[in-house]
Amino acid sequence: MPAPSRLTWLKSLTLAIPTLLMTLAAATLAQPASAQSSSVLAVTHKSPFNCGKTFHANNWTGGHNPEGSIDWQNYGSDDINGETVRATAAGTAYFYDAGSTSYGKWVEIRHSDGSRTRYAHMSSMVRSAGSSLSVSQGTAIGTVGSTGNSGAPHLHYEQRTSGGAVDTSPTVEGTTVYLGQKKAITSSNACGGGNPNTPEEVCGSGYSVIDSYALTGGRTYLLYNSGNGYNCVVTLKTTNIGSPSSVSAFLEPEGESRTTDSGSFDYYAGPVKRNAAGQCVKWGGSVGSSSYTSPFEHCG
């Protein structure tokens, strides 16, 4: 059989190229997200603070490590120290403690698209170092502080791609904060009708609910940690969520003094923890004028 002419070969190649290109395009689209650019994030992020709170997001340059991370700082007269830190998107939270170095007390949340967020220099965390917790957007994970290598209270915050690179232009509440920018951002996190906290999250690792009582505008809970013999009481609000209002929680081991946490709080009172192994306890709380006080019970 004679060899094809040069013209026939060129014609065949010309016809084959569009088919080849379409096949390559289809293969690219069919790749899983992890095989494509890790800079594309599928989740959206809210502010890491309580609903309605405004703080400065400072993406400063010149010595900030890693560059592209945000330092959340005071806004006007509102001091950020002690503020509740919330998950900016849903995922699994992992808790760490670097002591007096680096991030100090910090949390990494791994999100559904493989991306990660980091929250550092916290004064406290809702779980002990080495623990993990499934979180929703708005779940409380700790409080703002100045642990680790920090000169003043603030929240160090990072958005990282699934490949581990820091997004140097993170977007929060639909606002992108580019390198060198400082923007005031108001939180819409945890603004829904329900309380984003759970009693287990507030009391911490190892605690389980053993009793509760419904109040008008909330519920008070008694939890127990069989590992250390401690009880914990927390009162969660179901009305005026995110706005300060009167709420309290107390715990009294039999034969001992009562410990109470009360005030004008956004989401809950507590946690009130006492060692009560082998003892009966009296517990309860209030939301506004609605209150509950238990008898001495749950002995042992």
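Residues numbered from 1 in each chain as written. Predicted model: local features only at pLDDT ≥ 70, side-chain atom pairs only at ≥ 80, totals over all residues. Heavy atoms only, no water.

### Looking at the sheet that holds strand β15 (residues 218–225)
Here's step 1: Strand order in the open sheet formed by four strands is β14-β15-β16-β19, with antiparallel pairing between adjacent strands. A single partner strand is all that each edge strand has here, and the edge strands are β14 (208–215) and β19 (268–275). Looking at each pair of strands side by side, their axes are set apart by 15 degrees on average, direction ignored.
Here's step 2: In this sheet, β19 lies alongside strand β16 (residues 230–237) in antiparallel orientation, the contact comprising six bridges. Of the residues in β19, the one forming a bridge with V233 is V272. (Pairing = 2+ DSSP bridges. Helix = DSSP H or I, 4+ residues; strand = E, 2+ residues; numbered from the N terminus. Axes fitted to C-alpha atoms, helices over the stretch in contact; angles between N-to-C directions.)

### Looking at the nonpolar core
Here's step 1: Counting residues in hydrophobic clusters, the biggest one holds 25 residues, and the most contacted among them are W72, F95, V107, I109, Y119, I141 and L155.
Here's step 2: Once residues lying within four places of it in the same chain are set aside, the contact partners of V107 are A93, Y94, F95, T117, R118, Y119, M122, M125 and I141. (Core = buried A, V, L, I, M, F, W, Y, C linked by side-chain atoms within 4.5 Å. Buried < 20%, exposed > 50% of the residue type's maximum accessible area, 1.4 Å probe, protein only. Contact = heavy atoms within 4.5 Å.)

### Remarks on the environment of G242
Here's step 1: Relative to the assigned elements, G242 resides in the loop between β16 and β17 (245–253).
Here's step 2: Dropping the residues within four chain positions of it, G242 is found in contact with C51, D266 and Y267.

### Section: the pairing of strand β9 (residues 140–143)
Here's step 1: Where strand β3 (residues 84–86) lies against β9, three bridges are found, and the strand directions are antiparallel. The residue bridging V85 from the neighbouring strand is G142, located in β9.
Here's step 2: Relative to β9, strand β7 (residues 124–125) runs antiparallel, the two being bridged by two bridges. Of the residues in β9, the one forming a bridge with S124 is T143.

None of this, on its own, says anything about what the molecule does.
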